[in-house]
Amino acid sequence: MSKSQYEAAKKQYAVLGVDTEKAIRDLQKISISMHCWQGDDVGGFENDLGATGGIQTTGNYPGKARTPEELMADIDKALSLIPGKHRINLHACYAIFEDGKKVDRDKIEPRHFKKWVEFAKKRGLGIDFNPTFFSHPLADGLTLSSEDPRVRAFWVKHGIQCLKIAEYFGKELKTPCAINFWAPDGLKDEPSDRLGPRRRMADSLDKIFKYKYDKKLVIPTFESKLFGIGVESYTVNSHEFVMGYAQKKGILALLDMGHFHISENVADKISSFLMTFGKVAFHISRPVRWDSDHVIRIDDAVSAAAHEIVRMDPKNFIVALDYFDASINRIAAWVLGMRNMQKALLQAMLEPFGTLKALQDARQYTEQLVLQEELKAYPWQAVWEEFCARAKMPANEAWMAEVLKYERDVLSQRA
Ligand code: RNT
Ligand code: ZN
């Protein structure tokens, strides 16, 4: 697409009172947290057993990263095709044990993430973090809410160590580390006691947050979930429990787009979250019939979420991606998801929000509906291409050729 097409688009948007230059500047400022776990099917570096305990990947596309070096190289490849400055999101199971000196999760320390810090520093990336309450022999249905005090104590220690590691990231990289607590705790069949596990969960979290983390360096978030594999009837960290606990504790609640009833409008929750917490943390994901963690498309759900994020100012949001598809090229999965999120945000930035809001308030619902629909065909793609050109990035599917070359040269050697 040519410069003249951008100029034409710029004029067309200007008629609506939309400044495309401002949209490009605003998009350049947005950092999305790219999840390391798409690169190896949530495997981590502790063993080769794969993800267990409530999450699961399907597919066996060749070339997955097996070592820290491979994962870092793959992240580099992905980032080289994504415009903008972003963050990476790590899980505790991606600790790097030098000389094979492994420690269990209750004993991991900042030094086990030194290589990640070096990696991030060199590239000017921030790091976000997650304790890993799954893929472990002590993650058998219940972790922080277990009826066994020894199991709870183990996971409480893990949580505290992770807060220390998050502080280390925040301090070293000079940008606060968002640390997300997601625990798979739940039950397969109808429980008799729904209250007990929730009380134990709250007590364990209280113990973790007794650790006086530096609030300038660490932003804890707490993720809810409706159900999971093997925990179909009851999750301890239901939406209501998480909302209540987070508010009481003064931490943020996290919305994962795959963690609600399939017909629920997750975007509608955002404004209420913002009013309650002042900031909203997000896992952008794509459930297909269930929490399947497909690579995100610019579907109605993602588009609606992006619109709400832009309308309520991206400054107030922590946007992370969360999906893991092992059936397709993993680098393409990263690049596509990151670029899709950016495109969805750009489309939202090109919305004449003031005009639409005025139509709503004046009850001119017909005009509002018509404009909302007509906007979908506006030339946002020309603005996207201009944004990519300024970042010296391929603007369209041309990036896939790069990924295929990497697959031939690098990934195919990992048999
Ligand atoms: C699982 C949650 C959680 C994980 C990651 C790996 O259902 O969405 O966020 O996907 O922590
Ligand atoms: Zn999630």
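The preceding data block contains the structure.
Residues numbered from 1 in each chain as written. Chains lettered and ligands numbered in written order. Predicted model: local features only at pLDDT ≥ 70, side-chain atom pairs only at ≥ 80, totals over all residues. Heavy atoms only, no water.

Student: Looking at this structure, how should I read the site of ligand 1?
Tutor: Lining the immediate environment of ligand 1, one finds Trp37, Ile55, His91, Trp182, Glu223, Lys225, Asp256, His259, His283, Asp291, Asp322 and Phe324. Side-chain polar atom of His91 to an oxygen atom of ligand 1: 2.7 Å apart, as the coordinates give it. Measuring from an oxygen atom of ligand 1, one finds a side-chain N or O atom of Asp322 at 2.8 Å. Protein contacts shield 100% of the accessible area of ligand 1, which totals 310 Å² for the unbound molecule. Its residues placed into classes, the shell around ligand 1 shows 4 nonpolar, 3 polar and 5 charged. (Near = heavy atom within 4 Å. Polar contact = N/O pair within 3.5 Å; in protein donor to acceptor, adjacent residues only side chain to side chain. Areas by Shrake-Rupley, 256 points an atom, 1.4 Å probe, with all protein chains shown as cover. Nonpolar A, V, L, I, M, F, W, Y, C, P; charged D, E, K, R; others polar.)

Student: How should the pairing of strand 9 (residues 280-284) be read in this particular structure?
Tutor: The side chains of a regular strand alternate, residue by residue, between the two faces of the sheet. Counting buried residues along strand 9, 5 of its 5 residues qualify, which places the element largely inside the surrounding structure. Both faces of strand 9 are covered, namely the face carrying Val280, Phe282 and Ile284 and the face carrying Ala281 and His283. By the bridge criterion, 3 bridges tie strand 8 (residues 252-256) to strand 9 in an arrangement that is parallel. The partner of Leu255 across the bridge, within strand 9, is Phe282. Sheet topology note: the strand 9/strand 12 (residues 317-321) ladder contains 5 bridges and is parallel. Following the sheet pairing, Ile284 is matched in strand 12 by Leu321. (Buried < 20%, exposed > 50% of the residue type's maximum accessible area, 1.4 Å probe, protein only. Helix = DSSP H or I, 4+ residues; strand = E, 2+ residues; numbered from the N terminus. Pairing = 2+ DSSP bridges.)

Student: Is there a simple way to think about the coordination of the zinc ion (ligand 2) in this case?
Tutor: For a metal with four tetrahedral donors the ideal donor-metal-donor angle is 109.5 degrees, whereas six octahedral donors ideally subtend 90 or 180 degrees. Looking at the zinc ion (ligand 2), the protein donor atoms are Glu223 (OE), Asp256 (OD), His283 (ND1) and Asp322 (OD), and they sit 2.1 Å from it. One can describe the donor arrangement at the zinc ion (ligand 2) as octahedral, given that its 6 donor atoms subtend angles of 72 to 167° at the metal. Sequence positions of the residues that donate to the zinc ion (ligand 2) give the spacing E-x32-D-x26-H-x38-D. Taken together, the residues Glu223 in strand 6 (residues 218-223) and Asp322 in the loop between strand 12 and helix 10 (330-349) connect sequence positions 99 residues apart. Note on Glu223: relative accessible area 2%, which makes it buried. With relative accessibility at 8%, the residue Asp322 sits in the buried group. (Donors = N, O, S within 2.8 Å, 3.2 Å for Na, K, Ca; no water. Tetrahedral: all angles 85-135°; square planar, octahedral: opposite > 155°, others 65-115°.)

Student: Can you help me understand the pairing of strand 12 in this one?
Tutor: The element strand 12 is extensively covered by neighbouring structure, given that 5 of its 5 residues are classed as buried. Where burial is concerned, the two faces of strand 12 agree: the one with Phe317, Val319 and Leu321 and the one with Ile318 and Ala320 are both buried.

Student: Quick question: what am I supposed to make of the packing of helix 4 (residues 114-123) against helix 5 (residues 149-173) here?
Tutor: Each pair of packed helices can be summarised by the angle the axes make with each other and by the distance between the axes. Following both chains from N to C, one finds helix 4 and helix 5 inclined at 30°, their axes separated by 11 Å at the closest point. When the axis of helix 4 is compared with that of helix 5, the two are roughly parallel. In the crossing of helix 4 with helix 5, the sense of the turn from one axis to the other is right-handed. Contacts between helix 4 and helix 5 involve Lys114, Val117, Ala120 and Lys121 from the former and Tyr168, Phe169, Glu172 and Leu173 from the latter. Looking at the contact of helix 4 with helix 5, its residues break down into 5 nonpolar, no polar and 3 charged. (Axes fitted to C-alpha atoms, helices over the stretch in contact; angles between N-to-C directions. Parallel < 35°, antiparallel > 145°, perpendicular 65-115°, else oblique. Left-handed = near helix turned anticlockwise from the far one by under 90°. Contact = heavy atoms within 4.5 Å.)

Student: How do you make sense of the environment of Asp322 when you look at a structure like this?
Tutor: Sequence-wise, Asp322 and Gln38 are 284 residues apart; in three dimensions their C-alpha atoms are separated by 8.1 Å. Discounting chain neighbours no more than four positions away, the residues touching Asp322 are His35, Trp37, Glu223, Asp256, His283, Ile284, Ser285 and Asp293. A polar side-chain atom of Asp322 sits 2.9 Å from a polar atom in the side chain of Trp37. Polar side-chain contacts of Asp322 include one of 3.1 Å to the side chain of His283.

Student: Would you explain the packing of helix 7 (residues 239-249) against helix 8 (residues 267-277) in this entry?
Tutor: Relative to each other, helix 7 and helix 8 sit at 25°, their axes nearing to 11 Å. Taken together, the axes of helix 7 and helix 8 are roughly parallel relative to one another. Here helix 7 and helix 8 pass one another in a crossing that is right-handed. Here His239, Met243, Ala246 and Gln247 of helix 7 lie close against helix 8, whose contacting residues are Lys269, Phe273, Thr276 and Phe277. Here the residues of the contact of helix 7 with helix 8 sort into 4 nonpolar, 3 polar and 1 charged.

Student: Whenever I open this one, the state of the cysteines confuses me. Can you help?
Tutor: Here a disulfide denotes a covalent bond joining the sulfur atom of one cysteine to the sulfur atom of another. A complete count under the given rule lists 0 disulfides for this structure. The thiol of Cys36 is unpaired, and the distance to the nearest cysteine sulfur, on Cys93, comes to 7.1 Å. In this structure Cys36 comes out as buried when scored by relative accessible area, which is 0%. (Disulfide = S-S within 2.5 Å.)

So yeah, pure geometry; function would need other evidence.
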